[in-house]
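# An overview of the molecular structure
Here's the letter readout for the chains.
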Protein chains: 4
Amino acid sequence: MAFSTLAKNFQVCSRSHAIIFTRASRKASTNVGFIGLGNMGGFMAKNLMNKGHKLVVYDVSKAATEALAKAGATVAKNPADVAAQSGTVVTMLPNNDIVTNVYTGKDGVFEGLQSGSILLDSSTVDPSVPTALEKIANSKGSFFLDTPVSGGVIAAQSGELTFMVGGDKQIFEKAQGVLSGMGKKLVHCGGIGMGQAAKICNNMLLGISMAGVAEAMNLGIRLGLDGKQLMDIINNSTGRCWSSEIYNPVPGLMPNVPSARDYEGGFYSGLIAKDLGLAQGLATRTGSPIPMGALASQIYRLMCKAGLEVRDFSSVYKFIQDGQKI
Amino acid sequence: MAFSTLAKNFQVCSRSHAIIFTRASRKASTNVGFIGLGNMGGFMAKNLMNKGHKLVVYDVSKAATEALAKAGATVAKNPADVAAQSGTVVTMLPNNDIVTNVYTGKDGVFEGLQSGSILLDSSTVDPSVPTALEKIANSKGSFFLDTPVSGGVIAAQSGELTFMVGGDKQIFEKAQGVLSGMGKKLVHCGGIGMGQAAKICNNMLLGISMAGVAEAMNLGIRLGLDGKQLMDIINNSTGRCWSSEIYNPVPGLMPNVPSARDYEGGFYSGLIAKDLGLAQGLATRTGSPIPMGALASQIYRLMCKAGLEVRDFSSVYKFIQDGQKI
Amino acid sequence: MAFSTLAKNFQVCSRSHAIIFTRASRKASTNVGFIGLGNMGGFMAKNLMNKGHKLVVYDVSKAATEALAKAGATVAKNPADVAAQSGTVVTMLPNNDIVTNVYTGKDGVFEGLQSGSILLDSSTVDPSVPTALEKIANSKGSFFLDTPVSGGVIAAQSGELTFMVGGDKQIFEKAQGVLSGMGKKLVHCGGIGMGQAAKICNNMLLGISMAGVAEAMNLGIRLGLDGKQLMDIINNSTGRCWSSEIYNPVPGLMPNVPSARDYEGGFYSGLIAKDLGLAQGLATRTGSPIPMGALASQIYRLMCKAGLEVRDFSSVYKFIQDGQKI
Amino acid sequence: MAFSTLAKNFQVCSRSHAIIFTRASRKASTNVGFIGLGNMGGFMAKNLMNKGHKLVVYDVSKAATEALAKAGATVAKNPADVAAQSGTVVTMLPNNDIVTNVYTGKDGVFEGLQSGSILLDSSTVDPSVPTALEKIANSKGSFFLDTPVSGGVIAAQSGELTFMVGGDKQIFEKAQGVLSGMGKKLVHCGGIGMGQAAKICNNMLLGISMAGVAEAMNLGIRLGLDGKQLMDIINNSTGRCWSSEIYNPVPGLMPNVPSARDYEGGFYSGLIAKDLGLAQGLATRTGSPIPMGALASQIYRLMCKAGLEVRDFSSVYKFIQDGQKI
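Residues numbered from 1 in each chain as written. Chains lettered and ligands numbered in written order. Predicted model: local features only at pLDDT ≥ 70, side-chain atom pairs only at ≥ 80, totals over all residues. Heavy atoms only, no water.

### Some words on the overall build of chain A
When helices and strands are counted, chain A shows 15 helices and 11 strands. Radius of gyration (C-alpha) of chain A: 21 Å, near the 20 Å computed for a compact globule of 326 residues. Its C-alpha atoms give chain A principal-axis dimensions of roughly 80 × 45 × 35 Å. A total of 326 residues make up chain A; the buried ones form 62% of that total. For chain A, contacts bridging at least 24 residues in sequence account for 62% of all contacts bridging at least 6. Summing over all exposed atoms, chain A offers an accessible surface of approximately 11800 Å²; the carbon and sulfur share of this is 53%. For chain A, the distance from the average site of its 30 positive side-chain charges to the average site of its 23 negative ones is 6 Å. (Helix = DSSP H or I, 4+ residues; strand = E, 2+ residues; numbered from the N terminus. Rg over C-alpha atoms; globule rule 2.2 N^0.38 Å. Buried < 20%, exposed > 50% of the residue type's maximum accessible area, 1.4 Å probe, protein only. Contact = heavy atoms within 4.5 Å. Areas by Shrake-Rupley, 256 points an atom, 1.4 Å probe, with all protein chains shown as cover. Lys, Arg positive; Asp, Glu negative; His and termini not counted. Charge placed at Lys NZ, Arg CZ, Asp CG, Glu CD.)

Dropping the structure here:
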């Protein structure tokens, strides 16, 4: 191949300083592969289709893939098959082990991977997972970004997710087309794994905040303060935060938030418990003290035991009131 | 006295529905008494003087009273003497016991109290204290509001404190003249004691938030995230809060905050530890679970033991880094 | 009175170094007064009667006093009346305020107090309460010991309570007759208030231990360890403690403990929550960091909200399993 | 080979029900291999030699291997070389990753493993590590037990360690010869990984207990109780535990424990912090709430930041007093 083409095809990955040779002569397919069509993935894939992308999908649930097939997606027989037909692959899976297996296991993405592909994992996992998967992807002439999301099912449905992205900046720019098909805000957080790191750190703080707001509101109300008045005071004081201003956990103070509808839907306690568990592991590994984060982690875990696992995490207000499932 | 005058002088206290007869024929003095001329009180009294009020002051420290005498204040010999010469009395004292003693003890405010006076306690104390003192004040034909402040020494000096006020709304309105001489924002929080309740609840949430931000930032930075980038991400995400947006604890991310100057000045760890201790007592009394607040309380207490008692409370970031005094 | 008699009647109280003049010429009645005939007090009074003491009783509940009247006790009309007829008075009441009121309020013990009486408060209260009451008692020529108990309802019934006693050692010796009528172990802990201090500190540690055992057992069992085997390993290792050896919270491992009977009876979560609340107040007052104690306090409080208030405190094991009331 | 010999050589592993064929015709060497000659391993290897075992050793530190060579041990060039010359191999290594690498990495134990060998890993690691390594060992006709220790450097030196063993019971019995050369108490805890599980659960409880004792003692002493008296009260009450009875953290109450010598030596805060970190990971994986254990984990981590990492963990008493490094 002519040197000019080679030069054009050189990719410098900021993280590793390795030069990745993209075989641009074989153009990556414009198909977008999507693996993991659950509560979030189903809507994300749908939005991509609505934006005009051609989808190749896979999920262990036949019902999930059939729903998308009806809408025009191609159903692949396994992750490798998805990768073989797509130039970009998005994964939206529950945990470290499943993500690792879907990429590296038998019939996994890497088995069918086309050189020059862009892999976008939107699952929330330990940063060590994308770090390891990026190495493998690079060795096969492809690219990997960790692209975890924030915004929940509502934002997944409306296509307004926020993506916190880690990995090579140039690849981030190339991926913006596909990411914009699912989200409204795309934030580049740093090298590979830094999207996960940013999301996990933010969500640890969120978990701490929400529990703090629930405790402060409950205490104030039991002392005789009017709930709405206290909320306004806090929102105009040093205690103000998203959990108090946008997503208040006290029923009756705000419309259109989970506390207004018995904590149905929203961002499940079980999911933030999972994020906080990831935070704990990261903190242990880096020797970072997180007393408040560790306690918040335990509180949401206790809430899962008390039947609030599939209720919005703002149900922590309910939990400290009477500790019982709704 | 004619009935019309009686009627004009009837005060209905919303809390007790008792009718207080103000002997309007003896006009309350326009002098403002000020007891407690420490870090906060000294500036507050000064600002009142600058606004044209005539001050009658008292403090156990002669140096403190002399400084104000030089500026034109009258020095009283004890709290009773202050009360005897003033129509409004402001107190700014360290704790429950001292406040109670200054009002009810020998040579205390109530001994010299002029009927029709307005008593404004700006100390941060348990709501039971103003509740008890209001009863006594009322029985002597006077009025009491709890008026704790927020904004710290900086705001005390610039006259921009926020007052969270509890007590009768009409008295609150009458007191606005004096309060505006020291503060910018006056919030009526409810009946007697509700100013303290609101302040304590807000400060408990603040203590939780700041510790959470310190933990999330420390974890993220140790994972490889750039501090400024992580701060921006959080401030545009669900984790955003005053502690992260206005008063970030990580050195170098924000100018003009304590973290930019080795945590000097600001809002002392010892003071927020005190507020959190009050919160714990209130929570115990009302049976309100405050796991996060209780832990935050212990963290700031440990920080006091580690030599950070007179450093800004955002030094919690330093504490979780190396646990040592600065 | 002759000097020799005066000398014989001089009492030196170690704490105050004051000389108390006991009017030995008027012999203190041998009656034992008992105020507070609840779950614990009822049995304690009964045991005193069985040991041959003549009781003068009072309780707000007529049913409670009638039960003891049937057994031969004299029913007094109020605490002052109890004190007027007794040389020793025992109180067993729920909290600081009630104890203070029964002694110092209208028709309270101090109103009817006979000089030279010994007052034994077996309630669990803040050490500041006996400290204040002892001063008053001494000023009236009487004596006061704080004598909180441990051993629960079972030991109250069988007369095998442990008394942790604070106050003058000589008075402690004089009181042993009455205390032995209700308990088996009498421990002198120090000056006035030190009985309360010792009990509260021990119970804080007990609350921490029991929660720790529940967590370790639950974790081990969920990891695949056999419960009995793990219990034996812990009991022969550095983790061994009373909660694991004598009162294990895991159902099926030990007979005749609350975990063997759905946590019925025993030492209520609500009561240890109260003790831990007292510990928190003491820690705040002395600036003592108690992170583990503060968290344990919150856990038992959450358990009360979850319906475990009147279950044995070892139900913490159940709480971390499914967080729900039994 | 005759069937009788085959039959005699059949091993039934209780956990997997697989039949492992031991090639008894090639007798496993009587040499004992030892990999990891640090603070603990050095003494353990020494004791084995003193008991008459022939040692083949390896460590990344030449100084460590030389010391043992001087005493008569054979120095191998890598873990594979140790395994090739030994019938039993003991490993004593710092963490999950190093253990996994020493066994499965290049030039690792499995590369030189002689069929019929017994592998004893005395490191403290996540139970998933021995579970995975046992599978590999079995597939190569060898055996694996997790044999973590308790007793610290003192017991390592005196040959009085306690081994908490997980794995096949018959292999446990075969291994007793070698284990007794290093320890006094050998406890079979269950199947593979259960030694680790038991140790981690016990040590989590120990960490909680010690922190609780430090808090209760500190609070009591600051309330005015005599330290020795409070210790005796607790040790005869429901709060009694090993940390209070055998290893009291308060200086001056007990001789010959770390608190009597500025917390030198003993069981390092950094090591119990590591165990508690393992506990957190296990709890997250099994969804087991461990609020007290999580907080204890954070406290010891904060202590490591404060310079107490290589002091005995009972220095938590010092930490809550003045938070500073000794």
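### Re unusual backbone geometry
Despite not being glycine, aspartate 107 of chain A shows a phi value in the positive range, around 60°. Tracing the backbone shows aspartate 107 of chain A in the loop between α5 (96–104) and α6 (109–112). By relative accessible area, which is 29% here, aspartate 107 of chain A ends up partly exposed. Unusually for a residue other than glycine, tyrosine 263 of chain C sits at a positive phi of about 65°. In this fold, tyrosine 263 of chain C is placed in the loop between α12 (242–245) and α13 (269–286).

### Some details on the pattern of salt bridges
Residues and elements named next belong to chain C. According to the stated counting rule, one finds 24 salt bridges over all chains in the structure shown. For aspartate 107, the salt bridge is made with lysine 106, and the minimal N-O distance between the two is 3.4 Å. Glutamate 160 is the salt-bridge partner of lysine 184, the closest N and O atoms lying 4.0 Å from each other. Linking lysine 184 in strand β11 (residues 183–190) with glutamate 160 in the loop between α8 (152–158) and β10 (161–166), this pair joins segments that are 24 residues apart in sequence. Given the relative accessible area of 63%, lysine 184 is considered exposed. For glutamate 160, a relative accessible area of 41% puts it in the partly exposed group. (Salt bridge = Lys/Arg side-chain N within 4 Å of Asp/Glu carboxyl O.)

### Let's talk about the nonpolar core
One broad trend across soluble globular proteins is that nonpolar side chains are buried collectively. Grouped together as the largest cluster of nonpolar side chains are 224 residues, with contacts concentrated most on Tyr300 of chain A, Tyr300 of chain B, Tyr300 of chain C together with Tyr300 of chain D. Excluding anything up to four places from it in sequence, tyrosine 300 of chain D contacts Gly207, Met210, Ala211, Ser269, Ile272, Ala273, Leu276, Phe313 and Val316 of chain D. (Core = buried A, V, L, I, M, F, W, Y, C linked by side-chain atoms within 4.5 Å.)

### Brief notes about the domain arrangement of chain A
Interface size is often expressed as the accessible area that is lost when the parts come together. All names here are of chain A. Segmentation of chain A into domains returns domain 1 (3–191) and domain 2 (198–322). On a C-alpha basis, the centroid separation for the pair domain 1 and domain 2 is 31 Å. Opposite the 11 residues of domain 1 that make contact, domain 2 presents eight residues. A buried area of about 890 Å², summed over both sides, lies between domain 1 and domain 2, and 61% of it is on carbon and sulfur atoms. Broken down residue by residue, the surface that domain 1 buries against domain 2 is led by Thr124, Asp126 and Met164, which jointly contribute 48%. Seen at the junction of domain 1 and domain 2, the total is one salt bridge. Residue aspartate 126 pairs with arginine 285 through a salt bridge whose shortest N-O separation is 2.8 Å. (Domains from an automatic or database assignment. Buried area = accessible area lost by both parts, 1.4 Å probe.)

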